[in-house]
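The lines below spell out each chain.
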Amino acid sequence: YDFLQAPLQPLQDNLESQTYETFEKDPVKYERYERAVYLYLCQRHQPGGEPAVVMVVGAGRGPLVAATLRASAASGRRVRAFAVEKNPNAVVTLRGRCATEAGWDAVTVVPGDMREWEAPVLADLLVSELLGSWGDNELSPECLDGAQRYLKPGGASIPTDYTSYVAPLSSSRLWNEVKHFKDLAHFETQYVVKVHNAYPMCAPQPCFVFTHPSDARTVAEIGAIDNSRVAQLSFDVPLGGELHGFIGYFHSTLWDDGSEAVHISTEPSTESVGMFSWFPLFIPLRTPVLVPEGGRVEAAFWRNASRHRVWYEWALTEPQPSPIHNPNGRSYHIGL
């Protein structure tokens with residue numbers, strides 16, 4: 001608990017085998033994905049019809065591919081699956097599964113970056129698990145934009161949307177953990193934390209929203225997509241206290257067929273109980289601020305994107321203004 005971790009950079013870095021192994025043990029996430037693919041297949045495809053072309057983008061060692069194959073069997077709809085993965089070590093595992101596991105003869109392994117691959121056929125469905133602790137902070141929007149080139153008109157994405165949430169947080173423990181580094185840069189960095197010694201001062205509010213797929217298909221259209229965002233939020237704080245920063249969560253709709261919706265969420269009011277793949281995000285303030293009882297916290301959050309990187313900026317405006325944290329990504333960014 002309360003151990004600060006820098007968020008993963010899965011685009012820049014290849015994940016280690018141990019990291020995959022931990023995530024693959026999540027009992028809730030893959031059951032939800034399997035249900036989402038099952039509902040999609042039942043809604044959009046017929047038993048005995050042409051196989052649905054499903055592209056799992058960022059396939060890792062194959063848990064989403066396996067979930068897709070189980071959904072195919074349960075729904076009675078055939079699939080032709082592509083597993084797109086840039087990590088060469090994970091590709092070895094995927095190829096091993098194709099050679100040895102039942103049902104995997106319908107899977108084609110594609111080594112490479114989903115944003116650059118030239119697909120031989122267009123997909124009916126893109127399936128991905130690219131979300132970070134704050135939803136879009138592991139660059140799911142940028143990755144899925146690039147992958148849309150090989151989606152059929154009217155094609156679908158699982159997930160269909162995700163929203164980041166944020167709430168004011170009082171935690172001298174976490175703030176002092178950041179202070180130990182004795183520099184400004186660490187106060188302008190966001191951290192993944194299994195939060196324990198902390199008090200969320202009120203309910204979280206939605207921050208940034210992304211939906212998939214968009215209508216963009218050509219390279220020019222995709223290049224024109226703007227994934228920058230700004231949110232100005234106001235929180236009424238019933239019990240006063242010292243504000244040390246903010247806590248971030250996400251909520252995602254995997255699939256909604258109109259009669260049943262499948263979600264994964266770390267946001268407390270809709271939390272997927274038992275899901276452990278994501279801890280919340282701690283967004284520190286350089287200087288703690290006292291909030292009076294019945295007071296108000298107002299803050300602005302920015303998601304900025306350039307050709308090669310994405311970064312976040314944040315600032316307090318009430319009860320007193322703070323400097324803008326991480327201007328131009330000077331202390332922390334996520335590499336594209």
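Look above for the structure.
Here, residues in each chain are numbered from 1, in the same order as that chain's written sequence. Where totals are concerned, whole chains, interfaces and linings use all residues; where local detail is concerned, this predicted model gives features only for residues with pLDDT of at least 70, and gives and counts side-chain atom pairs only at 80 or more. Side-chain figures throughout are based on the complete set of non-hydrogen atoms in the structure, without hydrogens or water.

Enquirer: I tried to follow the nonpolar core on my own but got confused; where do I start?
Expert: Soluble globular proteins: nonpolar side chains tend toward being buried together. Nine residue types can take part in a nonpolar core, namely buried Ala, Val, Leu, Ile, Met, Phe, Trp, Tyr and Cys, and a core is a set of them joined through side-chain atoms within 4.5 Å. The buried label applies to any residue whose accessible area, calculated with a 1.4 Å probe on protein chains only, is under 20% of its type's maximum; exposed applies above 50%, and partly exposed to all values in between. Of all hydrophobic cores here, the largest spans 84 residues; its most connected members are Trp134, Ile158, Val166, Phe246 and Phe301. Looking at which element gives the most residues to this core, the answer is helix H2 (residues 29–44), with 7 residues. By definition, residues are in contact when any of their heavy atoms lie within 4.5 Å. Discounting residues that sit within four places of it in the chain, Val166 has contacts with Trp134, Pro204, Gln205, Cys207, Leu233, Phe235, Phe246, Ile247, Gly248, Ile283 and Phe301. Working definition: helices are DSSP H or I runs of at least four residues, strands are E runs of at least two. Numbering for both runs from the N terminus.

Enquirer: What's the story with unusual backbone geometry in this structure? I'm lost.
Expert: When glycine is set aside, most residues are seen to have a negative phi, and most peptide bonds are trans. With an omega dihedral of -10 degrees, the bond running from His212 to Pro213 counts as a cis peptide bond. Inspection of the secondary structure assignment puts Pro213 in the loop between strand S9 (205–211) and helix H8 (219–223). In this structure, Pro319 follows Glu318 across a cis peptide bond, with omega equal to 5 degrees. Among the secondary structure elements, Pro319 is positioned in the loop between strand S15 (309–318) and strand S16 (334–335). Residue Asp2 is not a glycine yet carries a positive backbone phi of 60 degrees. Along the chain, the position of Asp2 falls in the segment before helix H1 (17–24). Taking relative accessible area as the criterion, Asp2 reaches 2% and is therefore assigned buried. Positive phi, normally seen in glycine, also occurs at Leu139, with a value near 70 degrees. Relative to the elements of secondary structure, Leu139 occurs in the loop between strand S4 (123–128) and helix H5 (140–147).

Enquirer: I tried to follow the environment of Ser228 on my own but got confused; where do I start?
Expert: Position of Ser228 among the secondary structure elements: in the loop between H8 and strand S10 (229–237). Expressed as a C-alpha distance, the spacing of Ser228 and Phe208, which sit 20 residues apart in the sequence, is 9.3 Å. Residues adjacent in sequence count toward polar contacts only when both atoms are side-chain atoms; beyond that, a polar contact is any pair of N or O atoms within 3.5 Å, and within protein one must be able to donate a hydrogen and the other to accept it. A distance of 2.5 Å separates a polar atom in the side chain of Ser228 from a polar atom in the side chain of Asp226.

Enquirer: Even after reading the chapter, I still don't get the packing of H2 against helix H3 (residues 63–75), so can you show me in this structure?
Expert: Helix packing geometry: the angle between the two helix axes and the distance between the axes. For helices, the fitted line uses only the C-alpha atoms of the stretch in contact; every axis is such a line through C-alpha atoms, and the angle between N-to-C directions lies from 0 to 180 degrees. The N-to-C vectors of H2 and H3 enclose an angle of 45 degrees; their axes lie 8 Å apart at closest approach. Taken together, the axes of H2 and H3 lie oblique to each other. Crossing angle aside, the handedness with which H2 passes H3 is right-handed. Residues Tyr30, Tyr33, Glu34, Val37, Tyr38, Leu41 and Cys42 of H2 form the contact with H3, whose own contacting residues are Pro63, Leu64, Ala67, Thr68, Arg70, Ala71, Ser72, Ala74 and Ser75. Each residue belonging to the contact of H2 with H3 can be placed in one class, and the counts come to 11 nonpolar, 3 polar and 2 charged. Angles are sorted into four bins: roughly parallel if under 35 degrees, roughly antiparallel if over 145, roughly perpendicular if 65 to 115, and oblique for all others. For a crossing to be left-handed, the near helix must be turned anticlockwise from the far one by less than a right angle; the clockwise case is right-handed. As a working rule, the residues Ala, Val, Leu, Ile, Met, Phe, Trp, Tyr, Cys and Pro are called nonpolar, Asp, Glu, Lys and Arg charged, and the rest polar, with Gly in that last group.

Enquirer: Would you mind going over the packing of aromatic side chains with me for this structure?
Expert: The relative placement of two aromatic rings is captured by the distance of their centres and the angle of their planes. Two aromatic rings from Phe, Tyr or Trp, using only the six-membered ring of Trp, form a pair when their centres are within 6.5 Å; if the ring planes differ by under 30 degrees the pair is stacked, by over 60 it is edge-to-face, and anything between is tilted. Here the structure, examined in full by the defined rule, presents 12 aromatic pairs. For the ring pair Trp134 and Phe301, a centre distance of 6.2 Å and an interplane angle of 70 degrees mean the geometry is edge-to-face. Of the two residues, Trp134 is situated in the loop between S4 and H5 and Phe301 in strand S14 (residues 295–305); the sequence distance between them amounts to 167 residues. Looking at Trp134, the relative accessible area reads 1%, which means it is buried.

Enquirer: Help me understand the sheet that holds S16 in this model?
Expert: The strands that make up a sheet pair up through hydrogen bonds in the backbone, lying either parallel or antiparallel. Sheet architecture is open: 4 strands sit in the order S10-S14-S15-S16, paired in antiparallel fashion. Edge positions in the sheet fall to S10 and S16, since each of these pairs with one other strand and no more. DSSP-based pairing: two strands are paired if at least 2 bridges between them are found. By the bridge criterion, 2 bridges tie S15 to S16 in an arrangement that is antiparallel. Paired with Arg309 across the two strands is Gly335, which belongs to S16.

Enquirer: It is not clear to me how the pattern of salt bridges should be interpreted in this structure. Could you clarify?
Expert: Any two side chains of opposite charge can pair if their charged atoms end up close together. For salt bridges, the criterion is a side-chain nitrogen of Lys or Arg within 4 Å of an Asp or Glu carboxyl oxygen. Tallying each qualifying case throughout the model produces 17 salt bridges. Between Glu118 and Arg149 there is a salt bridge, with the nearest N and O atoms lying 3.4 Å from each other. Linking Glu118 in the loop between strand S3 (107–111) and S4 with Arg149 in the loop between H5 and strand S5 (151–158), this pair joins segments that are 31 residues apart in sequence. The exposed category is assigned to Glu118, whose relative accessible area is 61%. For Glu188, the salt bridge goes to Arg330, with nearest N and O atoms at 2.8 Å. Of this pair, Glu188 sits in the loop between helix H7 (184–187) and strand S7 (191–192) while Arg330 sits in the loop between S15 and S16, and the two are 142 residues apart along the sequence. Judged by relative accessible area, which is 0%, Glu188 ranks as buried.

Enquirer: Looking at this model, I keep getting lost on the state of the cysteines. Mind explaining?
Expert: Every disulfide links exactly two cysteines, by a covalent bond between their sulfur atoms. Any cysteine sulfur atom paired with another within 2.5 Å is treated as part of a disulfide. What the rule picks out here adds up to 0 disulfides. In this model Cys143 remains outside any disulfide bridge; the closest cysteine sulfur is found in Cys207, 20 Å from its own. The exposure class of Cys143 is buried, given its relative accessible area of 3%.

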